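# Structural description and commentary
Okay, here's what each chain looks like letter by letter:
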Amino acid sequence: MNSFQPHSSHWGAFSGRLENGRLEIRSHPGDPHPSPLLGNIPAIADSPVRIRRPAVRRGWLEGKPGHEQMRGADEFVEVSWAEALELVSKELRRVYDVFGPTAVFGGSYGWSSAGRFHHAQSQIHRFLNVLGGYVKSVNTYSSGAAMVIIPHVLGPYDSVDRKSVTWDAIERSTELLVAFGGMAVKNTDVHGGGISQHVVLPKLRGASARGARFALISPLRDDFPADVNADWLPIIPGTDMALMLALAHVLVTEDLHDRDFLDRYTVGYGKFEDYLLGRTDSVAKTPEWAAKICGIGAEVITDLARQMARSRTLITVSHSLQRADYGEQPVWMGIVLAAMLGQIGLDGGGYSYSLGALGNIGKSLLAAPLPTLNQFKNPVTDFIPVARISDMLLHPGEEFHYNGKALHYPDIRLVYWAGGNPFHHHQDINRLRRAFRKPDTLIVHESAWTSTARFADIVLPATTTIERDDIGAADRDPLIIAMKRLIDPVGEARDDYDIFADLSRLLGTSETFTEGRTSKEWLAALFETTRTALAAAGHEAPDFETFWRQGELHLPTKPDKGGPANAFRQDPAASPLQTPSGKIEIFSDTVDGFGYDDCGGHPRFYPPRAETEDARFQLHLVCNQPHQRLHSQLDYGGFSRSTKIRDREPVRINPADAAARGITDGDIVKLFNARGSCLAAAIISEDVRPGVMQLATGAWFEADDPAAADAMCIHGNPNILTHDIGTSKLAQGSTGQLTRVEVERFSGELPAVRIFEAMAFSADGR
Ligand SMILES: Nc1nc2c(c(=O)[nH]1)N[C@H]1C(S)=C(S)[C@@H](COP(=O)(O)OP(=O)(O)OC[C@H]3O[C@@H](n4cnc5c(=O)[nH]c(N)nc54)[C@H](O)[C@@H]3O)O[C@H]1N2
Ligand SMILES: Nc1nc2c(c(=O)[nH]1)N[C@H]1C(S)=C(S)[C@@H](COP(=O)(O)OP(=O)(O)OC[C@H]3O[C@@H](n4cnc5c(=O)[nH]c(N)nc54)[C@H](O)[C@@H]3O)O[C@H]1N2
Ligand SMILES: [Mo]
């Protein structure tokens, strides 16, 4: 019998062993609430969709003019590693020599895998930096709007996000938790880098048992755990600003706002109040005004505002609220509401951004540095906000606005991706397909034939974590894990590091890139930073070999001092916030000075964008995170596939909307709007507000006709429907969470989903 070996993933620590050719997985014994996502892992070992050999797209290989138009519809030719590396290195050399590093897009956004050394993002950025740099992307799909607005009004994003109100404080002191966008436990299954203990559900239960109450503001009832009794306010998607303003309106008109707090800790409240009460635009933001917009009754709003003023109240705003048109506004307005309640910095009260979005947010900070690979410095200063990728590829040289600057899109010739899946994560896939047909060359490292790999010119097969040794560690997770190789590499798959090391040799940059180390030597070297820091602070500090033998190591945590908000509350002059005024900016002169028509000097309600008014498409589609996988990762895994119906991604619809369209449970339906369409399988559910449908992200995009300009996704990827417009000129964040659609029963012949099958290769024939 083989013994179970420790390992880790973004969705939990676990151990595994290969027994009679089958991969067996066990959750970590210290995890109180292990994630069902572990059920996706065994398929890694033998899925036909794994990439087994390097492959090159025929059109690219033959180099005929116009061959780019065949991207995504062409055949692939398998080649040897030697030939593949030769092709990649020559093409890199050509582009760097002829066009320079500003013609290389290496942003390569994506979650990659857990593991501190074989972290694909770190590896590709280090590799490209040594070669001369690359055009990068800034911010994330997760939090594109918040990362730009929060520093203007509350302080550096990191200090706000990382030092949020803790779960311990919530369990101890919160009386009312008002969750804009909810707190779906499925989201806390994951945390980037790893999570050895899933505590959110037990903590919520603990707070509930003490008598805390919860207000769930979401179009979906299951955005809060069912056994933690929350009041569900089923809001119309995209309208939280109206509700928040009305809550503020009640606080002012009933004199429930904390004037002393506003005077002492904030700037610009007066200008905001003029807007709130309608002195500047003749529209008072009353509960009656809001009710018509957000679908929550005026009495319910008034009552909630009163409860908020009476209780120790924590306001949370989810990532999802800002992954939408004008997403900066609700993030900012949540801060303003909390300031009006005057509880920022009190135990279990105030404001917390994105609490409940990821499993380690709200846990204690670590008192030791994590092992981290140095990516070196990127000499190129050109960048795009991450979700502007199609704009960049389609409109080289064109001007765009971002955070007070007018910038220009670079002219990209080569795109290199490792550890991300743009054909999962980006909006308006039909537009993305046009954009990805523009550059000369697209190189992708992948472990499986994802939709992105199928769109590439050169595909290099990468190992997954279970095929290599690594160190597992994550922000706010107290366990470092010896991630031991569980299976041999599948096919000819190689580690990203070894691929980049070989390419560096061909390109003459090997010494700098590898520093002369093998992977195992790198693990020991990276671990040493953490060991030294632990030893210096007098903590247990085993050497690498001992750690590797033991399988895991507990890291010390910092005592919970309540974060920066706490010190600020005690003495705002001695511990100012890192904003221009040192205070909470309810009005920001900086943002106002940018003069944007879509993000002004104080939070406000912007009417829906014109395209959402198209009378043909009036159902709201919520495109949220999937409960059955992490994004698109391991969509071919057992747990993810067990949730599909007739091989399609499930879409939920309210009974009234289904009945009006003659749709019954389990029907294959077609969702469509002006940008595209997809098939999905209907689940009829009262947990979805009327007028709203919900289709999770992550089903691998599969075109009905790969050559067609406007393809239909036959599998159920919502990004064929979402629009590709930034949140505002301030942040240019992704707005993928929400879109508008119509739906009908699909009556045509049902095309088979083939995206998880083995690729067919063309015989070489060159
Ligand atoms: N409509 C809509 N779209 C969204 C969202 C939404 O709410 N609505 N959410 C957005 C958000 S928040 C995010 S974070 C993004 C997520 O978007 P991504 O992070 O791009 O999604 P993943 O599926 O995690 O993609 C990671 C890819 O890396 C590969 N990979 C993993 N490990 C390795 C490795 O070691 N080496 C190599 N070479 N490859 C590896 C995996 O196989 C996978 O294909 O999606 C965004 N897209
Ligand atoms: N299981 C699992 N967990 C994950 C991920 C995953 O892929 N799988 N991805 C992780 C990542 S990268 C991130 S960034 C986080 C994302 O964290 P979030 O962005 O917060 O997560 P979502 O599930 O996209 O959205 C949460 C809920 O917000 C609600 N919502 C949508 N629009 C509105 C609105 O206009 N108003 C209100 N009030 N509510 C709205 C939806 O009902 C949705 O279920 O999740 C993380 N957690
Ligand atoms: Mo994310």
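Residues numbered from 1 in each chain as written. Chains lettered and ligands numbered in written order. Predicted model: local features only at pLDDT ≥ 70, side-chain atom pairs only at ≥ 80, totals over all residues. Heavy atoms only, no water.

## Re the site of ligand 1
As a matter of local geometry, ligand 1 sits amid 32 residues, with Ser 113, His 425, Glu 446, Ser 632 and Asn 719 nearest to it. Ser 632 has a polar side-chain atom sitting 2.5 Å from an oxygen atom of ligand 1. The contact in question runs from an oxygen atom of ligand 1 to an N or O atom on the side chain of Gln 737, over 3.2 Å. Relative to its unbound accessible area of 920 Å², ligand 1 is 97% covered by the protein chains. Among the elements of the structure, helix H16 (422-425) and strand S18 (441-446) are those that each provide at least two residues to the shell around ligand 1. Across the shell around ligand 1, the residue classes tally to six nonpolar, 22 polar and four charged. (Near = heavy atom within 4 Å. Polar contact = N/O pair within 3.5 Å; in protein donor to acceptor, adjacent residues only side chain to side chain. Areas by Shrake-Rupley, 256 points an atom, 1.4 Å probe, with all protein chains shown as cover. Helix = DSSP H or I, 4+ residues; strand = E, 2+ residues; numbered from the N terminus. Nonpolar A, V, L, I, M, F, W, Y, C, P; charged D, E, K, R; others polar.)

## Re the environment of Ala 760
Relative to the helices and strands, Ala 760 is located in the segment after strand S30 (738-745). For the pair Ala 760 and Asp 74, spaced 686 residues apart in the sequence, the C-alpha separation amounts to 11 Å.

## Notes on the pairing of strand S16 (residues 405-408)
Looking along a regular strand, one sees the side chains alternate between the two faces of the sheet. Relative to S16, strand S15 (residues 399-402) runs antiparallel, the two being bridged by four bridges. Directly across from Tyr 402, in S16, lies its bridge partner Lys 405. (Pairing = 2+ DSSP bridges.)

## Topic: helix H7 (residues 200-210)
For H7, the full list of buried residues reads Val 200, Leu 201, Lys 203, Leu 204, Gly 206 and Ala 207. The secondary structure elements touched by the buried residues of H7 are helix H6 (167-173) and strand S9 (213-217). (Buried < 20%, exposed > 50% of the residue type's maximum accessible area, 1.4 Å probe, protein only. Contact = heavy atoms within 4.5 Å.)

## What to know about the site of ligand 2
In the vicinity of ligand 2 there are 31 residues, among which Asp 223, Gly 238, Asp 240, Ser 320 and His 631 approach most closely. The side chain of Ser 320 places a nitrogen or oxygen atom 2.7 Å from an oxygen atom of ligand 2. If one sorts the elements of the shell around ligand 2 by residue count, helix H13 (residues 319-322) sits on top with three residues.

## Points about the packing of helix H2 (residues 81-98) against helix H19 (residues 496-507)
Contact pair H2 / H19: the axes reach a minimum separation of 10 Å and the direction vectors enclose 60°. Taken as axis vectors, H2 and H19 run oblique relative to one another. Crossing of H2 over H19 shows right-handed handedness. On the side of H2, the interface is formed by Trp 81, Leu 85, Glu 86, Val 88, Ser 89, Leu 92 and Arg 93, while H19 contributes Ile 499, Asp 502, Leu 503, Leu 506 and Leu 507. For the contact of H2 with H19, the residue count by class is eight nonpolar, one polar and three charged. (Axes fitted to C-alpha atoms, helices over the stretch in contact; angles between N-to-C directions. Parallel < 35°, antiparallel > 145°, perpendicular 65-115°, else oblique. Left-handed = near helix turned anticlockwise from the far one by under 90°.)

## Some details on the packing of aromatic side chains
Summed over the entire model, instances satisfying the criterion amount to 33 aromatic pairs. Residues Phe 383 and Tyr 402 carry aromatic rings whose centres are separated by 5.7 Å and whose planes lie at 75° to one another, so their mutual orientation is edge-to-face. Highlighted residues: Phe 383 in strand S14 (residues 383-385) and Tyr 402 in strand S15, separated in sequence by 19 residues. With relative accessibility at 8%, the residue Tyr 402 sits in the buried group. With centroids separated by 6.3 Å and ring planes inclined at 70°, the aromatic side chains of Phe 500 and Phe 513 adopt a geometry described as edge-to-face. (Phe/Tyr/Trp six-rings, centres within 6.5 Å; stacked < 30°, edge-to-face > 60°.)

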